[in-house]
Amino acid sequence: MKKRLSKKALISVCTLIVVLLALTVWTIWGNTALMVSTVTVSSKRIPTAFNDFRIAQVSDLHNAVFGEDNAELLQILLECEPNIIVITGDLVDAEHTDIDVALDFAKEAAQIAGTYYVTGNHEAGLPQYDEFKAELENIGVVVLEDTAIQLEYKDEVITLIGLSDPSFTIKGDMFGELPAMVDTKLRGLIRDKSDYTILLSHRPELFETYVNCGIDLVLSGHAHGGQFRLPFIGGLIAPNQGLFPKYDAGLYTKGVIQT
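What you see is a predicted model, and the numbers here were worked out from it, not measured in a lab. (Residues numbered from 1 in each chain as written. Predicted model: local features only at pLDDT ≥ 70, side-chain atom pairs only at ≥ 80, totals over all residues. Heavy atoms only, no water.)

1. Remarks on a negative patch on the surface
A cluster of acidic residues, E68, D69, D98, D100, D104 and E108, forms a negative patch on the protein surface. Along the chain, E68 falls in the loop between β1 (55-58) and α2 (71-80). (Patch = residues over 30% accessible without salt bridge, like charges linked within 9 Å, V, L, I, M, F, W, Y side chains within 5 Å. Areas by Shrake-Rupley, 256 points an atom, 1.4 Å probe, with all protein chains shown as cover. Salt bridge = Lys/Arg side-chain N within 4 Å of Asp/Glu carboxyl O. Lys, Arg positive; Asp, Glu negative; His and termini not counted. Charge placed at Lys NZ, Arg CZ, Asp CG, Glu CD. Helix = DSSP H or I, 4+ residues; strand = E, 2+ residues; numbered from the N terminus.)

2. Considering the nonpolar core
In terms of nonpolar packing, the biggest core is built from 25 residues, with L61, L77, L91, F105, Y117, F132 and L136 touching the most fellow members. Of all elements in the fold, only β1, α2, β2 (84-88), α3 (99-112) and α5 (129-138) reach the threshold of two or more residues within this core. In contact with L77, other than residues within four places in its own chain, are A56, V58, P82, I85, F105 and I112. Among the nonpolar cores identified, the runner-up in size contains 17 residues, and A49, I84, V86 and V118 belong to it. (Core = buried A, V, L, I, M, F, W, Y, C linked by side-chain atoms within 4.5 Å. Buried < 20%, exposed > 50% of the residue type's maximum accessible area, 1.4 Å probe, protein only. Contact = heavy atoms within 4.5 Å.)

3. With respect to the confidence of the model for the protein
On average, residues of the protein score 82 in pLDDT, and 74% of them reach the 70 mark or higher. Low pLDDT (under 50) marks residues 22-29, which in the prediction has seven contacts with non-local residues, meaning those over four places away or in another chain. Here residues 255-259 scores under 50 on pLDDT; set against residues more than four positions off or in separate chains, the count is 10 contacts. (pLDDT = per-residue confidence, 0-100.)

4. Topic: the pattern of salt bridges
Any two side chains of opposite charge can pair, on the condition that their charged atoms come close. Under the definition given, this model contains six salt bridges. Linking K133 and E145 is a salt bridge whose minimum nitrogen-to-oxygen distance equals 2.9 Å. In this pair, K133 is assigned in helix α5 and E145 in the loop between β4 (142-143) and β5 (147-153), connecting sequence segments 12 residues apart. Since its relative accessible area comes to 22%, K133 is described here as partly exposed. Assessed through its relative accessible area of 28%, E145 is described here as partly exposed.

Put into structure tokens, the structure is as follows:
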């Protein structure tokens, strides 16, 4: 005996198919589209000379290429007229590594503005990381590995700190050691608490640790906007945060997202 779907059931199936197609298109677009998110950071602790100082952040490229030789991405960076460019990890992809693509992008970025780089978890899984680091430094990129430097601009300074990804030290965090390890590192790097301090660190999930150490501004990546992101819902999952991550995208102040 043949069975036929009722009109109501047929409409439900069609609606589900349309929704699934829409989500698929949304996900593909979200992973391939280039967009600029502009955030203005204000603080009485920022030296006056740094008013309108522009930082362009690039994170988690994973060897992606936008246009021939990353021309589209580089053009956007050029148009942003940054004072510095920061790369916050996972410039390469450990599973599908193309060192030349990563280095070509970094070399061109360094021609636009002073470029500062910290590692991500994918660099920690890269057998040839030492050679990669040396090449980055050869093309003018400043590699910050658990390092603090003074960033000078118009005779005033702020502190810029770069943390190596914890995966270089601890594989996984079964015993919850990461926050204490990062806390110890940061407190050893912060020399003058009166300086406005910017931290480059791949991991957003350690936000509370950064706050407790007195960091003024943190630039991170890793969460990929929640890996899979749904309209009106946000990120569904992120590494080291699990389902419905707390820190997936945007600007946060002591754990509360600012709209």
